[in-house]
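Okay, here's what each chain looks like letter by letter:
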Amino acid sequence: MNFRRLEIFYETAKNLSMTEASKKLYITQPSVSQAIKELEEEINSKLFDRIGKKLYLTHEGEIFLIYTRRILNLYEESNKILSEINDGERGKIYLGASSTIGTYILPEIMNNYCNDYKNIDISLKIGNTESIESLVLNNEIDFGFIEGNLKSDEIIKTIMWEDEIVFICNNKHRLSNLDFIDSNEIRKEKLIIREKGSGLREIVDNYLINNHITHNIFMELGNSEAIIRTVKNGLGIGCISLKCIENTNFGERIKILRLKNGAIKRKLYLIVHKDKLLTKNMKNFIEYAINNK
């Protein structure tokens, strides 16, 4: 249906005058008459009775006027909302994040952002790096935050933050009196680590292999919280992001260990599909995340 015809019908019906409708819409009276005729043919209903020089709505016209008014009101409302979204006054952002970022970094940022921008809603999906990459590729989220490397060349990756990966043991472990350990200590221990496909696992695997550090993977777990809890129970030493344990009360039962031959550093990234059009709200959130971490 031609939206312009609805506007012409509405103004004509409201004023019961094609002359008034033509003045209001800045078109000729014959154009109004032609639009009404085409609309009546399209919906197969007579909308006006023309008696003498006056127009009267038919019963069908009265019903159609009710729905036309609703359609035009909804259109006006949608334009208003879209304008507010484009101006950054309201909207919804769909995010994805790998486990460490989604659990330990974004919640505080999101909470502060939503307090500052109360009409912006945020949806967050958490998974490993592979799953977040897939969500971006399939446009199921607007953008994501990951810890590891990408497989697709359709995604743009930008550094957001830096992170350190550390080893942990419980406070009764034989290594708990140390701050730094060497590769020989790693060889002797049962290592509890993230599953394959996670960014942390990829970083740690590459670091240990490149530095010729033999290691015994005892357990693979799907999130850092599970690793911390398993280590607290004395089942081995864990490998997690420092962000998972800093500013927490785990220090009473968990000891942080670093390698003597150098810290394991990594970058945390923003990923966006190269064809994705970022709205003002999306850009605002990214800038906010950088400045308020």
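The structure this text deals with has already been given above.
Here's a quick rundown of the structure. Since the structure is predicted, the reported quantities are computational estimates derived from the model, not experimental observations. Residue positions are given per chain, counting from 1 as you read along its sequence in written order. Local features are withheld for residues below a pLDDT of 70 in this predicted model, meaning they are given only at 70 or higher, and side-chain atom pairs are given and counted only at 80 or more; totals for whole chains, interfaces and linings count all residues. Side-chain numbers here rest on the full set of heavy atoms in the structure, without hydrogens or water.

Before going further, it helps to examine helix H9 (residues 224-232). The set of residues buried in H9 consists of Ser224, Ile227, Ile228, Thr230, Val231 and Lys232. As used in this structure description, the phrase polar contact means that two N or O atoms lie within 3.5 Å; if the pair is within protein, one of them must be able to donate a hydrogen and the other to accept it, and residues adjacent in sequence are counted only when both atoms belong to side chains. Helix and strand assignments come from DSSP, with helices taken as H or I runs of at least 4 residues and strands as E runs of at least 2, each series counted from the N terminus. Between the side-chain oxygen of the N-cap and the backbone nitrogen of Glu225 there are 3.2 Å, and the N-cap of H9 in question is Asn223. Looking one or two residues beyond H9, the residue adopting positive phi is Gly234, at roughly 75 degrees. Burial here depends on accessible area, computed with a 1.4 Å probe over protein chains only, as a share of the maximum for the residue type. Under 20% is buried, over 50% is exposed, and the range in between is partly exposed.

Moving on, we get to helix H8 (residues 199-210). The terminal C-alpha atoms of H8 lie 17 Å apart, and with 12 residues this matches the ideal 16 Å at 1.5 Å per residue to within 8%. Turning to H8, its buried residues are Gly199, Leu200, Arg201, Val204, Asp205, Tyr207 and Leu208. Looking one or two residues beyond H8, the residue adopting positive phi is His212, at roughly 55 degrees. Here, expected helix span is obtained from the residue count minus one, scaled by 1.5 Å.

The next point concerns the side chain of Arg194. With respect to the helices and strands, the residue Arg194 is situated in strand E8 (residues 190-194). A relative accessible area of 2% means that Arg194 is categorised as buried. Look past the residues within four positions of Arg194 in its chain and what remains in contact with it is Ser99, Asn128, Leu200, Arg201, Glu220, Leu221, Gly222, Asn223, Ser224 and Ile227. In what follows, residue pairs with any heavy atoms lying within 4.5 Å of each other are defined as contacts.

The next thing to look at is the nonpolar core. Looking at soluble globular proteins, one finds that nonpolar side chains tend to be buried together. Among the nonpolar cores identified, the biggest contains 23 residues, and Leu106, Phe143, Phe145, Trp161 and Phe285 are the most heavily contacted of them. Elements that contribute at least two residues to this core include exactly strand E3 (91-98), helix H5 (99-116), strand E4 (120-127), strand E5 (143-146), strand E6 (155-170), strand E12 (264-273) and helix H10 (280-291). For this core, the leading source of residues is H5, giving six residues. Apart from the residues within four sequence positions on either side, Leu106 is in contact with Ala97, Ile101, Leu124, Phe145, Trp161 and Phe285. Counting residues in each nonpolar core, the second largest holds 19 residues, with Met18, Ile36, Leu39 and Leu72 among its members. Buried residues of nine kinds, namely Ala, Val, Leu, Ile, Met, Phe, Trp, Tyr and Cys, make up a nonpolar core once their side-chain atoms join them within 4.5 Å.

Two numbers describe a pair of aromatic rings. These are the distance of the centres and the angle of the planes. Centres within 6.5 Å are what make two rings of Phe, Tyr or Trp a pair, Trp counting through its six-membered ring; a difference in plane orientation under 30 degrees is then read as stacked, over 60 as edge-to-face, and the rest as tilted. Taken as a whole and judged by the stated rule, the model has 10 aromatic pairs. With a centroid separation of 5.7 Å and 55 degrees between ring planes, the pair formed by Phe9 and Phe48 is classed as tilted. With Phe9 in helix H1 (residues 3-15) and Phe48 in strand E1 (residues 48-51), this residue pair connects regions lying 39 residues apart in the sequence. The burial state of Phe9 is the same as that of Phe48; both residues are buried.

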